[in-house]
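# Breakdown of the fold
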Amino acid sequence: MQDLKIVGTAAYVPPLTVSNDDLTTLMDTSDEWITSRTGIRQRHISQGENTSELAVKVGQKLLAQTGYSADQIDLIIVATMSPDAYTPSTAAIVQGKLGAANAVAFDLSAACSGFVFALETAKNILKASAGTTALVIGAEVLSKLVDWHDRSTAVLFGDGAGGVLLTTEERATPLVAGSDLRTMGQLNDKIVAGATTSGTSFPKQVTGLTSFTMAGRDVYKFATNEVPKSIHRAAQKAGIEVEQIDYFLLHQANARIIKQIAKRLAQPLAKFPLNIDEYGNTAAASEPILLNDVVNAGKLKPGMTVAMSGFGGGLSVGTLILNF
Ligand code: ACO
């Protein structure tokens, strides 16, 4: 059957690393608190590179690695909650800088579920159109939305980008065997960043964006309850048992959340790769950076089944069951 294949993965993180100890000079926190509550040891922070620049680096790596030329790309989706601007879209900037003149390009905003939502969207667009090839990139410069004196959020986030090159090919099993995407908009106020105000007087002033606020405990409960349910629903649609999944690539928000999800699914922790210690929570970039790490570590073999789950702002949750 004609279906899709991930022919390349890539990631880029800015070179500056900021350790937990470095943060103690800015706020009342400690390496012990951050490590024990979240599993984070450091994060990469952009110095002047904006979200599109991180995404362009990932796009360039994907083209170089796979041998595809920019004009072969039909679709570019950038999942981000920290775009360069409201307009142009970050994806349009990426399309222009890559010289991907034949690609339609747009952003997808679903916070930490963004990459999973974008991969499912790209799959559906390619299947419904004459296009064959897509770049799906998750990219974030969250450091520009963080209040660097608010210890309740500042310790959690990092910058980075990752992505995949998808193309159609003849294969025995579909790339996406099952999916489950959900939005719980009644909980929209649980994670907010970059909010604007409309202003009551006229003429209006252009005002700045707000920094992160998060109801951490509520999001923790949401993730540990909803992600296992989402994985079960997606596995059911794929016609498999959770036990048949080789790896669970979960959004890297908090190592404790991931351990709790593993427990609820009654699956060994060895099936849940972690890289949050190095990158922190990079929202939409977290899943493709993790996928790239797992691929580069040689862990993914053809024939393996992977559950990829994102969760976060919206609130939102999404799972794809992927055949490699
Ligand atoms: N350093 C030291 N102490 C701290 C820090 C810090 N960085 N942050 C909070 N504290 C203190 C609090 O003030 C509180 O002190 P008190 O007991 O004296 O009042 C105490 O530590 C406990 O605070 P809690 O917020 O209850 O800590 P909790 O154990 O819930 O951990 C955390 C907080 C890590 C944020 C956790 O709730 C969590 O991971 N939530 C989920 C986050 C998540 O998954 N986000 C994903 C989505 S993000 C997105 O979509 C963009």
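Heads up: the structure comes first, above all this text.
It should be emphasised that the depicted structure is a prediction, and the values quoted were computed from it without experimental measurement. (Residues numbered from 1 in each chain as written. Predicted model: local features only at pLDDT ≥ 70, side-chain atom pairs only at ≥ 80, totals over all residues. Heavy atoms only, no water.)

## Here's the deal with the overall build of the chain
Helix and strand counts for the chain come out as ten helices and 13 strands. Rg of the C-alpha trace for the chain: 19 Å, near the compact-globule value of 20 Å for 324 residues, within the 12% margin. In terms of overall dimensions, the chain has C-alpha extents of about 55 × 50 × 40 Å along its principal axes. Distance between charge centroids for the chain: 6 Å, based on 27 positive and 30 negative side chains. (Helix = DSSP H or I, 4+ residues; strand = E, 2+ residues; numbered from the N terminus. Rg over C-alpha atoms; globule rule 2.2 N^0.38 Å. Lys, Arg positive; Asp, Glu negative; His and termini not counted. Charge placed at Lys NZ, Arg CZ, Asp CG, Glu CD.)

## Here we look at the nonpolar core
Across soluble globular proteins, nonpolar side chains show a tendency to be buried alongside one another. Of all hydrophobic cores here, the largest spans 46 residues; its most connected members are Phe212, Ile231, Ile245, Phe248, Leu250, Phe272 and Phe311. Elements supplying a minimum of two residues to this core: helix H7 (216-238), strand S11 (247-250), helix H8 (255-264), strand S12 (305-312) and strand S13 (316-323). Looking at this core, the element that brings in the most residues is H7, giving seven residues. Not counting residues up to four positions away in its chain, the partners in contact with Ile245 are Ile231, Ala235, Ile240, Lys271, Thr305, Val306, Ala307 and Ile321. The next biggest cluster of nonpolar side chains, apart from the first, holds 32 residues, and it includes Ala79, Val116, Met304 and Leu322. (Core = buried A, V, L, I, M, F, W, Y, C linked by side-chain atoms within 4.5 Å. Buried < 20%, exposed > 50% of the residue type's maximum accessible area, 1.4 Å probe, protein only. Contact = heavy atoms within 4.5 Å.)

## Details of the sheet that holds S11
The four strands lie next to each other as S8-S13-S12-S11, forming an open sheet whose pairing is mixed. Of all the strands in the sheet, just strand S8 (176-183) and S11 have a single pairing partner and so form its edges. The mean inter-strand angle of the sheet, taken between neighbouring strand axes irrespective of direction, is 10°. The pairing of S8 with S13 spans seven bridges and is classified as antiparallel. Residue pairing for S13: Val176 is matched across the bridge by Leu322. Its contacts with the sheet put helix H5 (residues 114-128) on S8, S12 and S13, and the angle it makes with S13 is roughly 55°. (Pairing = 2+ DSSP bridges. Axes fitted to C-alpha atoms, helices over the stretch in contact; angles between N-to-C directions.)

## A few points about the pattern of salt bridges
As enumerated under the stated definition, the model contains eight salt bridges in all. The salt bridge involving Asp218 is made with Lys190; its shortest N-O contact spans 2.8 Å. Note that Asp218 is positioned in helix H7 and Lys190 in the loop between S8 and strand S9 (191-192), a separation of 28 residues in sequence. For Asp218, a relative accessible area of 31% puts it in the partly exposed group. (Salt bridge = Lys/Arg side-chain N within 4 Å of Asp/Glu carboxyl O.)

## Here's the deal with the packing of aromatic side chains
For the structure on display, the rule yields two aromatic pairs. When the centroid spacing of 4.0 Å and the interplanar angle of 15° are considered together, the rings of Phe157 and Phe212 count as stacked. In this pair, Phe157 is assigned in the loop between helix H6 (151-154) and strand S7 (160-170) and Phe212 in the loop between S9 and strand S10 (213-214), connecting sequence segments 55 residues apart. An identical accessibility class is assigned to Phe157 and Phe212; each is buried. The interplanar angle of 5° and the centroid separation of 4.6 Å between the aromatic rings of Phe248 and Phe272 together place this pair among those described as stacked. A residue pair is termed long-range when its members are at least 10 positions apart, and Phe248 in strand S11 and Phe272 in the loop between H8 and helix H9 (276-279) qualify at 24 residues. Assessed through its relative accessible area of 0%, Phe248 is described here as buried. Of the residues examined, Phe272 reaches a relative accessible area of 4% and is grouped as buried. (Phe/Tyr/Trp six-rings, centres within 6.5 Å; stacked < 30°, edge-to-face > 60°.)

## Observations concerning H5
Counted at 1.5 Å a residue, the expected span for H5 with its 15 residues is 21 Å, and the 21 Å between its end C-alpha atoms agrees. The set of residues buried in H5 consists of Gly114, Phe115, Val116, Phe117, Ala118, Leu119, Glu120, Ala122, Lys123 and Leu126. (Expected span 1.5 Å × (residues − 1).)

## Some words on the site of the ligand
The immediate surroundings of the ligand are formed by 27 residues, with Thr29, Arg37, Cys112, Arg217 and Asn254 found nearest. Between an oxygen atom of the ligand and a side-chain N or O atom of Arg217, the distance comes to 2.8 Å. The contact in question runs from an oxygen atom of the ligand to an N or O atom on the side chain of Asn254, over 2.6 Å. In isolation the ligand offers 1,000 Å² of accessible surface; the protein chains occlude 76% of this area. Of all the secondary structure elements, the ones that give two or more residues to the shell around the ligand are helix H2 (31-38), H6, H7 and H8. At four residues, H7 tops the list of elements feeding residues into the shell around the ligand. (Near = heavy atom within 4 Å. Polar contact = N/O pair within 3.5 Å; in protein donor to acceptor, adjacent residues only side chain to side chain. Areas by Shrake-Rupley, 256 points an atom, 1.4 Å probe, with all protein chains shown as cover.)

## What to know about the pairing of S7
Taking burial as the measure, the eleven residues of S7 include eight buried ones, the bulk of the element. In this sheet, S7 lies alongside strand S1 (residues 2-12) in antiparallel orientation, the contact comprising ten bridges. From the neighbouring strand, Gln2 faces S7, where its bridge partner is Glu170. Bridge analysis of strand S6 (residues 133-140) against S7 gives eight bridges, and the strand direction is antiparallel. Among the inter-strand pairings, Ile137 is bridged to a residue of S7, identified as Gly163.

## Quick look at the sheet that holds strand S5 (residues 104-108)
Spatially, S1-S7-S6-S4-S5 is the arrangement adopted by the five strands of the open sheet, whose pairing is mixed. The open sheet has two edge strands, S1 and S5, and neither has a second partner. Mean inter-strand twist for the sheet, computed between neighbouring axes without regard to direction, equals 20°. Packing of helix H3 (residues 51-66) onto the sheet brings it into contact with S1, S6 and S7, and relative to S1 it is tilted by some 120°. Strands in contact with H5 are S1, strand S4 (75-79), S5, S6 and S7; relative to S6, the strand with the most contacts, it is inclined by about 165°.

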